[in-house]
Amino acid sequence: MSFNIPKVSGSLREHVATLAKDPSGIVSRTYARLLELEESYANLPLSVREDILQFLQCCARLWFDTLVTCNPPSSEEIESLANAGRRRVHQGIALSSGLRAFRLGGVEAWSALLTVAEKDGESRDQLLFEVSRYLLESFDLMSQTIAQAYLDEQYQRARWRDSLRFELCGLVFRNPEDVGSFHKCAESLGIDPTVPRIALAIETKQIKVLPSKLESEYDRLALCVSRHFKSTYEDLVRVFHRGRLVVWVPCIRGDTLVAADRRFADCAVALVKATSEILAVGIGLLNQGPSG
C-alpha cells in the first residue's frame, strides 16, 4: 500500500499534531453519527461497541500521524485494519455498515481540519491542493484493505459452516444415535440442538446453473424459506438429499402439534406461490434431536 503523503507546515501542522495526540472528539462525533444512520449499531453488545470505538480511535491516530511524520502506515498497522475487518464478520456487522463507519470517520477528520483553514489562507491552500487528495486516496486504499479482509474471512467462515452443516446432516442420515456429536456440531453452528424442528422436503424446477453455482442457489432458496417461515437464516439447516432440498426449520417453543402443523402448512402454501422455482413442499413431523 503506497501513499503520496503531503508535507504540512505552519498552523496546520500544529493542529494535525494536536489531533494525532487526541482524536477523541472526532471519534465521539463519528460514533454518534453512526448510531443515527445505522440502526444495527444501536443494539450491539458492549464489547463490540468498545471494539468499534477503539478501531475509530486507531484509524484517526494512524491517519493524522502519517501527516505529521510523512511516513506511510507500517505493515503491522495495515494488518490491524485487516484484523478489524475480519472481526466484523464474526460480530455480525454487514460490510456496508463497517465501511460506513470508516467513511464517516473520514468526513469528521476532514471537518476537524477545516476549522484551522477558516482563518488561515496558507492552511486552506494546503488542505485544498495537497491534503484533500491524500485523504481521498488513503481512505480509499485503507477501506479496500478492510473490505478484502472482511470478504476473505466471510468466505472462510462460510466454508467452515458448510463443513459443519454437512457433518450435522451426515449424523442425521447415517448415525442418529450419536447424540453427543450432534449436539456438539449444532452448538458449533450456533443453533440450539434441543429446539424441536420440522423438516421441509422441497421439490424445485431443474436449476440450470454451473455446478459451482448450485450452493448459491440453494442458499437463495433457503433464504426464501427463512422469510416465509419467520425464522432467521442462521437457524436453518439445509442439505440436498435424494433429489430434493431438505430444510429443517425451528418451531416456536410451546407450540402444539396442531398449531405447528397449521402454521407450517400456511407458510408452505405462501412459499410455493411466491417462489416460481419451487414446485412442491413436503412437510415432516415436529420432533427434535438427530433421530427426530
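Look above for the structure.
Now for a description of the structure that goes with this document.

Reading the values: rules and limits
Residues numbered from 1 in each chain as written. Predicted model: local features only at pLDDT ≥ 70, side-chain atom pairs only at ≥ 80, totals over all residues. Heavy atoms only, no water. Core = buried A, V, L, I, M, F, W, Y, C linked by side-chain atoms within 4.5 Å. Buried < 20%, exposed > 50% of the residue type's maximum accessible area, 1.4 Å probe, protein only. Helix = DSSP H or I, 4+ residues; strand = E, 2+ residues; numbered from the N terminus. Contact = heavy atoms within 4.5 Å. Expected span 1.5 Å × (residues − 1). Phe/Tyr/Trp six-rings, centres within 6.5 Å; stacked < 30°, edge-to-face > 60°. Pairing = 2+ DSSP bridges. Axes fitted to C-alpha atoms, helices over the stretch in contact; angles between N-to-C directions. Salt bridge = Lys/Arg side-chain N within 4 Å of Asp/Glu carboxyl O.

## Concerning the nonpolar core
Grouped together as the largest cluster of nonpolar side chains are 44 residues, with contacts concentrated most on Trp63, Phe64 and Leu113. Elements supplying a minimum of two residues to this core: helix H1 (10-21), helix H2 (24-37), helix H3 (46-69), helix H4 (75-90), helix H5 (95-117) and helix H6 (121-174). In terms of residue count, the dominant contributor to this core is H3 (11 residues). The residues contacting Trp63, other than those within four sequence positions of it, are Ala109, Leu113, Val131, Tyr134, Leu135, Ser138 and Phe139.

## Section: unusual backbone geometry
A negative phi angle characterises most non-glycine residues, just as the trans form characterises most peptide bonds. Phi at Cys70 takes a positive value of approximately 65°, unusual for a residue other than glycine. Residue Lys230 is not a glycine yet carries a positive backbone phi of 55°. You can see Lys230 is positioned in the loop between helix H8 (214-228) and strand S2 (237-241).

## Here's the deal with H8
The terminal C-alpha atoms of H8 lie 21 Å apart, and with 15 residues this matches the ideal 21 Å at 1.5 Å per residue to within 8%. Along H8, the positions that sit buried rather than exposed are Tyr218, Leu221, Ala222, Cys224, Val225 and Ser226. On its buried face, H8 is in contact with strand S1 (197-204), S2, strand S3 (244-250), helix H9 (257-274) and strand S4 (278-283).

## Quick word on the packing of aromatic side chains
Counted by the stated rule, this structure contains eight aromatic pairs. An angle of 35° between the planes, with centres 6.3 Å apart, marks the rings of Phe55 and Phe102 as tilted. Here Phe102 lies in helix H5 and Phe55 lies in helix H3, a separation of 47 residues in the sequence. With a centroid separation of 5.6 Å and an interplanar angle of 10°, the aromatic rings of Trp63 and Tyr134 are classed as stacked. Within this pair, whereas Trp63 is found in helix H3, its partner Tyr134 is found in helix H6, the two being separated by 71 residues in sequence. The residues Trp63 and Tyr134 share a single accessibility class, namely buried.

## Observations regarding the sheet that holds S4
Adjacent strands of a sheet form backbone hydrogen bonds with each other and so pair up, either parallel or antiparallel. Pairing is antiparallel across the open sheet formed by four strands, whose spatial order is S2-S3-S1-S4. With one partner strand each, in any of the chains shown, S2 and S4 form the two edges of the open sheet. Ignoring strand direction, the axes of neighbouring strands in this sheet form an average angle of 25°. Pairing analysis gives five bridges linking S1 to S4, with the strands arranged antiparallel. From the neighbouring strand, Ile202 faces S4, where its bridge partner is Val281. Helix-sheet contacts for H6 involve S2 and S3, and the interaxial angle to S2 is about 65°. Where H8 meets the sheet, its contacts fall on S1, S2, S3 and S4, and the angle it forms with S2 comes to roughly 130°.

## Concerning the pattern of salt bridges
Applying the stated criterion across every chain, the model contains 11 salt bridges. Residues Arg165 and Asp162 are paired through a salt bridge, measuring 2.7 Å at the closest nitrogen-oxygen approach. Remark: Asp162 and Arg165 occur in helix H6; sequence separation between them is three residues, near one turn of the helix. A relative accessible area of 26% places Asp162 in the partly exposed class. Several salt bridges share partner residues, and in doing so they unite Asp51, Arg87 and Arg88 into one network.

## Some points on the environment of Asn287
Its location among the elements puts Asn287 in the segment after S4. Classification of Asn287 by relative accessible area gives partly exposed; the value is 40%. Distance from Asn287 to Pro193, taken between C-alpha atoms, is 11 Å for residues 94 residues apart in sequence. Setting aside its immediate chain neighbours within four residues, Asn287 contacts Pro196, Arg197 and Gly292.

No statement about biological role is implied by the geometric values presented.
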